[in-house]
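Here is what each chain is made of, one letter per residue.
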Number of protein chains: 2
Amino acid sequence: MLKPYLFFTLLKIAEALIDLNKQEVSASFLIKKFNIPQQTLSRHLKELKKLGLVETVKISKGETVKVTVKGYKELALIQALLEKTLKVQPNEIKLEGKVFSGLGEGSYYISQPGYKKQFIEKLGFNPYPGTLNVKIEECYLRRVSLLKCYPSIVIEGFSNGKRSFGSVNCYKALLEDKIEGAVISALRSHYGEDVLEIIAPVNLRETLKLKDGDKISFIVFPTR
Amino acid sequence: MLKPYLFFTLLKIAEALIDLNKQEVSASFLIKKFNIPQQTLSRHLKELKKLGLVETVKISKGETVKVTVKGYKELALIQALLEKTLKVQPNEIKLEGKVFSGLGEGSYYISQPGYKKQFIEKLGFNPYPGTLNVKIEECYLRRVSLLKCYPSIVIEGFSNGKRSFGSVNCYKALLEDKIEGAVISALRSHYGEDVLEIIAPVNLRETLKLKDGDKISFIVFPTR
């Protein structure tokens, strides 16, 4: 886990960005606003940069700082821990994204009997052979980081004799307020952090009349 | 704000309590589980005790530690800050409690024109002259601490020439899934942290057929 003083400095930078509604903040602003000695801030920034949690850019008078995706993930980890200890983990997380076409291998994976049996047993439905790829909207991305800190329903990996299949993390979900399905992650790793795949007992593109670029909104239920 | 290392020790203690599902944990367990040197833990516990964030009890072999209400409030403060920076502040917080009778001064306060005008303007309804006192269930108490960290709708204090009235913090609420009202706090300070007062455009005891000891569940909407 992150060193305590680095966590607080990271949190302060993130707070300043929210208050300013900006993507980056000048070091001099941080020094003034949080009353941190310049040397302390410089030392912390150096360590945070080494860990890949912030990025800095030199400007004419000093430098500006931004929090990286990895930095926000560190904050989300602590957040999830606090939610656990305060027993306030949300019952549901609302997400939105845009549908896009994958390479079609979703159906290959979903149809594997080794997965299918577990989907039925652990999710309570027999999934339509195919996944709906959703690119999550920018403003919901931090919720995805947080979601991934919550315990998931784990579909165990297996081998079918020819090759091995990795484990899959699922969260139950309600799609467009009407279809019960699940969000799965880590089926294939070539998508970025901003992509979630959705499965359901029905063909979602047909049932929800979705084409590429259409918006889909859904609610994810973290496991307790 | 709490010193960074104390925050992390406090968080670890709270985490251990959740994992063990207990009210207190032995210092020796913390030392083993979190791999903290005994001296470090002793020093941190001493500081945390001084701040009233934990309590310790001597036992035959060492001591046990519990987190105080004040300790959980400190954690809730950081939690709220993280929610803000991660933009994941919940849209709604579900609470439950039991109705009890107060001394009847609620109606006196609510009827003050200085308050009433602002209730109508800021909450959008003319409140029934009276408050419903609700003692929040134990398991929801930490959500109340967290709720109080979110920005509220502030009803300003005023003077009516004879005496002065303090400011009141409100959050909009939906009562029993059907009546729009508001949760107010700090109207009078003689109730404990576990009591919230609810106002609505109607007489809640009559409309929801509530008597002392009855359960009421409601959703509170934090301000953004």
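No experiment lies behind these values; they were computed from the predicted model shown.

Reading guide: rules and limits
- Residues numbered from 1 in each chain as written.
- Chains lettered and ligands numbered in written order.
- Predicted model: local features only at pLDDT ≥ 70, side-chain atom pairs only at ≥ 80, totals over all residues.
- Heavy atoms only, no water.
- Helix = DSSP H or I, 4+ residues; strand = E, 2+ residues; numbered from the N terminus.
- Contact = heavy atoms within 4.5 Å.
- Areas by Shrake-Rupley, 256 points an atom, 1.4 Å probe, with all protein chains shown as cover.
- Lys, Arg positive; Asp, Glu negative; His and termini not counted.
- Charge placed at Lys NZ, Arg CZ, Asp CG, Glu CD.
- Buried < 20%, exposed > 50% of the residue type's maximum accessible area, 1.4 Å probe, protein only.
- Arc of directions from axis to C-beta.
- Phe/Tyr/Trp six-rings, centres within 6.5 Å; stacked < 30°, edge-to-face > 60°.
- Salt bridge = Lys/Arg side-chain N within 4 Å of Asp/Glu carboxyl O.
- Domains from an automatic or database assignment.
- Buried area = accessible area lost by both parts, 1.4 Å probe.
- Polar contact = N/O pair within 3.5 Å; in protein donor to acceptor, adjacent residues only side chain to side chain.
- Least-squares fit on C-alpha atoms with pLDDT ≥ 70 in both.

A. Highlighting the overall build of chain A. Looking only at helices and strands, chain A has 8 helices and 12 strands in total. Dimensions along the principal axes, computed over C-alpha positions, put chain A at roughly 60 × 35 × 35 Å. Sequence separation of at least 24 residues holds for 66% of the intrachain contacts in chain A that already meet a minimum separation of 6. For chain A, the exposed area adds up to about 11,400 Å²; of that, 51% sits on carbon and sulfur atoms. Put simply, chain A has 35 plus and 24 minus side-chain charges, and the middle of one group is 5 Å from the middle of the other.

B. Main features of helix H6 (residues 113-123) of chain B. Residues and elements named next belong to chain B. Burial in H6 covers these residues: Gly 114, Tyr 115, Gln 118, Phe 119 and Leu 123. Down the axis, H6 shows its buried residues gathered within 125° of arc, on one side only. Along H6, exposed side chains directed more than 90 degrees from the buried face belong to Pro 113, Lys 117 and Glu 121.

C. Spatial organisation of the packing of aromatic side chains. The full count for this structure, using the stated rule, is 19 aromatic pairs over all chains. Aromatic pair A:Phe158 and A:Phe165: ring centres 4.9 Å apart, planes at 15°, arrangement stacked. Under the relative-accessibility criterion, A:Phe158 is labelled buried at 18%. Judged by its relative accessible area of 4%, A:Phe165 is buried. Relative to B:Phe8, the ring of B:Phe7 has its centre 5.2 Å away and its plane inclined at 85°; by these criteria the two rings are edge-to-face.

D. Highlighting the pattern of salt bridges. Residues and elements named next belong to chain B. This structure, assessed with the given rule, holds 24 salt bridges over all chains. A salt bridge links Asp 19 to Lys 33, with the shortest nitrogen-to-oxygen separation between them at 2.8 Å. Of the two residues, Asp 19 sits in helix H1 (residues 4-20) while Lys 33 sits in helix H2 (residues 27-34), which places them 14 residues apart along the sequence. The class for Lys 33 is partly exposed, based on a relative accessible area of 38%. As a salt-bridge pair, Glu 63 and Lys 58 come within 3.8 Å of each other at their nearest N and O atoms. According to the relative accessible area criterion, Glu 63 is buried, its value standing at 19%.

E. View of the domain arrangement of chain A. Residue and element names in this part refer to chain A. You can read the domains of chain A as domain 1 (4-85) and domain 2 (93-221). On the domain 2 side, the residues contacting the 8 residues of domain 1 number 6 residues. Both faces considered, domain 1 and domain 2 share a buried interface measuring about 660 Å² in area, 64% of it formed by carbon and sulfur atoms. Considering only the surface of domain 1 that becomes buried against domain 2, Tyr 72, Lys 73 and Ala 76 emerge as the three largest contributors, covering 53% of it. Along the contact surface separating domain 1 from domain 2 lie 1 salt bridge. One salt bridge in this structure joins Lys 73 and Glu 193, with 3.0 Å as the shortest N-O distance. If one sorts the elements of the side of domain 1 that touches domain 2 by residue count, helix H4 (residues 69-85) sits on top with 7 residues.

F. A look at the interface of chain B and chain A. Between chain B and chain A, the contact holds 28 residues from the first and 28 residues from the second. Buried area between chain B and chain A, summed over both chains or domains, comes out near 2,900 Å², and the portion from carbon and sulfur atoms is 72%. For chain B, the biggest contributors to the area lost against chain A are B:Phe8, B:Thr85 and B:Leu86; these three give 22% of the whole. The interface formed by chain B and chain A includes 4 salt bridges. In this structure, A:Glu15 and B:Lys84 form a salt bridge, with 3.4 Å as the shortest nitrogen-oxygen distance. Applying the counting rule to chain B against chain A returns 6 residue pairs in polar contact (both at pLDDT 80 or more). Looking at the side of chain B that touches chain A, the elements that each hand over two or more residues are H1, helix H4 (69-85) and helix H7 (141-147) of chain B.

G. Geometry of the relation of the copies chain B and chain A. For the match of chain B to chain A, the screw axis carries a shift of 0.0 Å, the RMSD comes to 0.0 Å, and the turn is 180°. The relationship between the two copies is best expressed as a two-fold rotation axis. If distances are taken from each C-alpha of chain B to the rotation axis, the shortest is found for B:Pro4, at 2.5 Å. Both copies share a contact surface, since 100% of the interface residues of chain B are interface residues in chain A too.

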